[in-house]
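These are the residues of each chain, in order.
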Amino acid sequence: MVTRPKVVHWMLLAGALAIVACDRDKDSAQDKTAATPAAASTASADTTGPPLALPSDSGPPPSFDGDRAMQYVKDIVKFGPRPVGSANHKKVEEFIASHLKGDQVEDDNFTADTPEGKFPVHNIIAKYPGTKDGIIVIASHYDTNYPLRKTSYVGANDGASSSALLLELANQLRGKPRDGYGVWLVWDDAEEAIKPDGSGGLPQEMPFKDDSLYGITHVAEKWQADGTVKKIKAFLLADMIGDADLNIDRDTNSTSWLEDVIGEAAKRLGYQSHFFARTNEVGDDHVPFVKRGVPAADLIDFMYGYNNVFWHTTQDTVDKLSPKSLQIVGSVILETVRILDKMDPLPPK
Ligand SMILES: [Zn+2]
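Residues numbered from 1 in each chain as written. Predicted model: local features only at pLDDT ≥ 70, side-chain atom pairs only at ≥ 80, totals over all residues. Heavy atoms only, no water.

Participant: Can you walk me through the overall build of the protein in this structure?
Facilitator: In terms of regular secondary structure, the protein is built from 8 helices and 10 strands. When the 349 residues of the protein are sorted by exposure, 58% land in the buried category. Here the analysis covers contacts within the protein between residues at least 6 apart in sequence; of these, 80% occur between residues at least 24 apart. Summing over all exposed atoms, the protein offers an accessible surface of approximately 13900 Å²; the carbon and sulfur share of this is 54%. (Helix = DSSP H or I, 4+ residues; strand = E, 2+ residues; numbered from the N terminus. Buried < 20%, exposed > 50% of the residue type's maximum accessible area, 1.4 Å probe, protein only. Contact = heavy atoms within 4.5 Å. Areas by Shrake-Rupley, 256 points an atom, 1.4 Å probe, with all protein chains shown as cover.)

Participant: Hey, could you run me through helix α2 (residues 66-77) in this one?
Facilitator: Side chains of residues three or four places apart in an α-helix project in the same direction, reflecting 3.6 residues per turn. Across its 12 residues, α2 extends 16 Å between first and last C-alpha, which sits within 8% of the 16 Å expected from 1.5 Å per residue. Where α2 is concerned, the buried positions are Gly66, Ala69, Met70, Tyr72, Val73, Ile76 and Val77. Viewed end-on, α2 has its buried residues packed into an arc of 155 degrees, placing them on one side of the element. The secondary structure elements touched by the buried residues of α2 are α3 (87-98), α4 (156-173) and α8 (323-342). Capping of α2 at its N-terminal end is provided by Asp65; its side-chain oxygen lies 3.0 Å from the backbone amide nitrogen of Asp67. (Expected span 1.5 Å × (residues − 1). Arc of directions from axis to C-beta. Polar contact = N/O pair within 3.5 Å; in protein donor to acceptor, adjacent residues only side chain to side chain.)

Participant: Please explain the sheet that holds strand β7 (residues 232-239) as it appears in this structure.
Facilitator: An order of β3-β4-β6-β5-β7-β10 is seen for the 6 strands of this open sheet, with the pairing classed as mixed. Sheet topology places β3 (104-114) and β10 (296-300) at the edges, where each strand pairs with a single neighbour. Each adjacent strand pair in this sheet contributes to an overall mean axis angle of 20 degrees, direction not counted. Bridge analysis of strand β5 (residues 135-141) against strand β6 (residues 182-188) gives 7 bridges, and the strand direction is parallel. (Pairing = 2+ DSSP bridges. Axes fitted to C-alpha atoms, helices over the stretch in contact; angles between N-to-C directions.)

Participant: So what exactly am I meant to see when it comes to unusual backbone geometry here?
Facilitator: Glycine aside, a negative phi is what most residues show, and trans is what most peptide bonds show. Geometrically, the link from Asp344 to Pro345 is a cis peptide bond, its omega value of 5 degrees lying close to zero. The residue Pro345 is located in the segment after α8 in this model. The backbone of Met240 sits at a positive phi, close to 55 degrees, despite the residue not being glycine. A relative accessible area of 0% means that Met240 is categorised as buried. Residues other than glycine seldom take positive phi values, yet Asn308 does so here, at roughly 65 degrees.

Participant: What exactly am I supposed to notice about the packing of helix α6 (residues 256-269) against α8 here?
Facilitator: Helix-helix packing: each pair is described by the crossing angle between the helix axes and the interaxial distance. One way to put it is that α6 packs onto α8 with a least axis distance of 8 Å and a crossing angle of 115 degrees. When you trace α6 past α8, the crossing you get is right-handed. Side by side, α6 and α8 meet where Trp257, Leu258, Val261, Ile262, Glu264, Ala265, Ala266, Arg268 and Leu269 of the first sit next to Ser331, Val332, Glu335, Thr336, Ile339 and Leu340 of the second. (Left-handed = near helix turned anticlockwise from the far one by under 90°.)

Participant: How do you make sense of the pattern of salt bridges when you look at a structure like this?
Facilitator: Two side chains with opposite charge may pair up if their charged atoms get near one another. Applying the stated criterion across every chain, the model contains 17 salt bridges. Across the salt bridge formed by Glu106 and Lys222, the nearest N and O atoms sit 2.9 Å from each other. Here Glu106 is found in strand β3, whereas its partner Lys222 is found in helix α5 (residues 214-225), with 116 residues between them in sequence. Residue Lys222 is classed as partly exposed on the basis of its relative accessible area, which comes to 27%. In this structure, Arg338 engages Glu335 in a salt bridge whose closest nitrogen and oxygen atoms are separated by 2.7 Å. A residue pair is termed a helical-turn pair when its members lie 3 or 4 positions apart in one helix, as Arg338 and Glu335 do in helix α8 at 3 residues. Through salt bridges with shared partners, one network takes in Glu106, Asp108, Lys127 and Lys222. (Salt bridge = Lys/Arg side-chain N within 4 Å of Asp/Glu carboxyl O.)

Participant: Honestly, the packing of α2 against α8 in this entry has me stumped. Any pointers?
Facilitator: Relative orientation of the contacting elements α2 and α8 amounts to 115 degrees, with a least axis distance of 8 Å. Comparing their axes, α8 and α2 come out roughly perpendicular. Considering how the two elements wind past one another, α2 and α8 form a crossing that is right-handed. Between α2 and α8, the contacting residues are Gly66, Asp67, Ala69, Met70 and Val73 on the first element and Pro323, Leu326 and Gln327 on the second. For the contact of α2 with α8, the per-class residue count stands at 5 nonpolar, 2 polar and 1 charged. (Parallel < 35°, antiparallel > 145°, perpendicular 65-115°, else oblique. Nonpolar A, V, L, I, M, F, W, Y, C, P; charged D, E, K, R; others polar.)

Participant: Before we go on, may I ask you to explain the side chain of Gln327 in this structure?
Facilitator: Tracing the sequence through the fold places Gln327 in helix α8. Residues in contact with Gln327, not counting those within four places in the same chain, are Phe64, Gly66 and Tyr271.

Participant: In this structure, what is going on with the packing of aromatic side chains? I would like to understand it.
Facilitator: Aromatic ring pairs: the centre-centre distance and the angle between the two ring planes describe each pair. Counted by the stated rule, this structure contains 9 aromatic pairs. Residues Phe235 and Phe289 carry aromatic rings whose centres are separated by 4.3 Å and whose planes lie at 15 degrees to one another, so their mutual orientation is stacked. On the criterion of sequence distance, the pair formed by Phe235 in strand β7 and Phe289 in helix α7 (residues 287-291) is long-range, its members being 54 residues apart. The pair Phe235 / Phe289 is uniform in exposure class, with both members buried. A ring pair is formed by Tyr304 and Phe310, whose centres lie 5.3 Å apart and whose planes are at 80 degrees; its orientation type is edge-to-face. Residue classification places Phe310 among the buried residues on the basis of a relative accessible area of 18%. Members of the aromatic cluster, each reached through a chain of ring pairs, are Trp184, Trp223, Phe235 and Phe289. Stacked on the ring of Trp184, the Lys or Arg Lys127 has its end atom at 4.2 Å from the ring centre. (Phe/Tyr/Trp six-rings, centres within 6.5 Å; stacked < 30°, edge-to-face > 60°. Lys NZ or Arg CZ within 6 Å of the ring centre and 35° of its normal.)

Below is the structure:
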C-alpha cells in the first residue's frame with residue numbers, strides 16, 4: 001500500500017509533450033501528502049544532475065525465474081488475509097523463513113503501538129555478502145491491508161508479489177559470492193495502515209503517514225543508531241510489481257539518479273517500455289530511508305486495473321498477475337545491482 005497525493009501523467013504524443021494532471025482516484029481528495037517534501041522538491045522526471053558514470057554493458061543478462069516466483073505468490077496467497085497479529089500472518093512468516101534455511105538471517109522483532117493497540121511486528125532480513133564495502137538493500141512488505149482483514153482480501157499484488165520476488169532473488173543470490181556490494185533482502189512488516197485511511201473506499205479515520213510503515217521505520221531507526229545506514233549504497237523497494245499490465249512509475253519521492261540507473265538497467269535488458277511512462281509521487285517503505293539521506297527508489301506500478309480498481313479491494317487476486325512481470329522486475333533489480341557494483345564512485349547522496 002502507498003499514498004498518492006497527486007498524479008501526473010507524462011504522455012508523449014506525436015512528438016508533443018502533453019502534461020495531464022489526472023484526478024483518476026476517487027479517493028484522491030482524501031489522500032495526504034507523504035512526509036518527504038525535501039526529496040519531492042528536488043527530484044523530477046528530468047535528469048538535472050551531472051551525467052552518470054555508467055559502466056559499459058557487459059556480461060550475460062541476470063537470471064531470474066518468473067515462474068518459480070509466481071508459484072511463491074500462489075503459495076503466499078493460499079494463506080488468506082495476512083494482517084499483522086493474525087494466525088495467517090504467522091504462517092507467512094514461517095513460509096518465508098523456511099525458504100531461507102542456511103542463509104544468514106536476522107529477525108527484527110518489536111511491538112508496534114498503533115491506533116488499534118499493540119501488535120507484534122516481525123521484519124525478516126537475509127544477508128548475502130559481497131567483496132565491496134557497502135550494502136544494497138532490497139525490500140518488500142509482506143503484511144496485508146488491516147482494515148480489510150475480515151474480507152476475502154488476499155493482496156496478491158500488494159504484498160505477495162514483491163515478497164515472492166524477494167524469495168526468488170534469494171535463490172539467485174544464495175551460494176554465489178558476490179563480486180560487488182553485499183545485498184540484504186528485507187521482508188518488512190506492518191507497512192499497511194491500521195486505521196482506514198480512505199484508500200480502501202472506507203471512510204478516512206487517519207492519514208497514512210501517521211499510521212503506517214511501522215516495520216521499515218523500525219529497521220531504519222535501528223540501522224541509523226548502529227551506523228549501518230552510512231554503509232547503504234542504495235535502497236530498492238518493490239511493491240505491486242506483479243501486474244500483468246506492467247508499467248512501473250517514476251516516483252518523485254525516489255532519488256533521481258537511482259531511478260536513472262533503474263531506467264538504464266531496464267534499457268539494457270530491453271524492458272524499457274515497462275518503465276517510467278508515468279510519473280507519480282509515492283509514499284511507501286522507501287520514505288524512512290530517503291529521510292535519512294540514503295539513495296532510495298520505489299519500483300511500483302500504481303495503476304492496477306482500470307483506474308487502479310484492484311488496489312486495496314478483494315479483486316487483488318492472482319489472476320491479475322503474470323510471471324513475466326515478476327521476471328522483468330526481478331531481472332531489472334539484479335541488473336541495477338550489477339550496474340551499481342561497477343559505478344565508482346556512486347553519485348553523492
Ligand atoms: Zn497496500
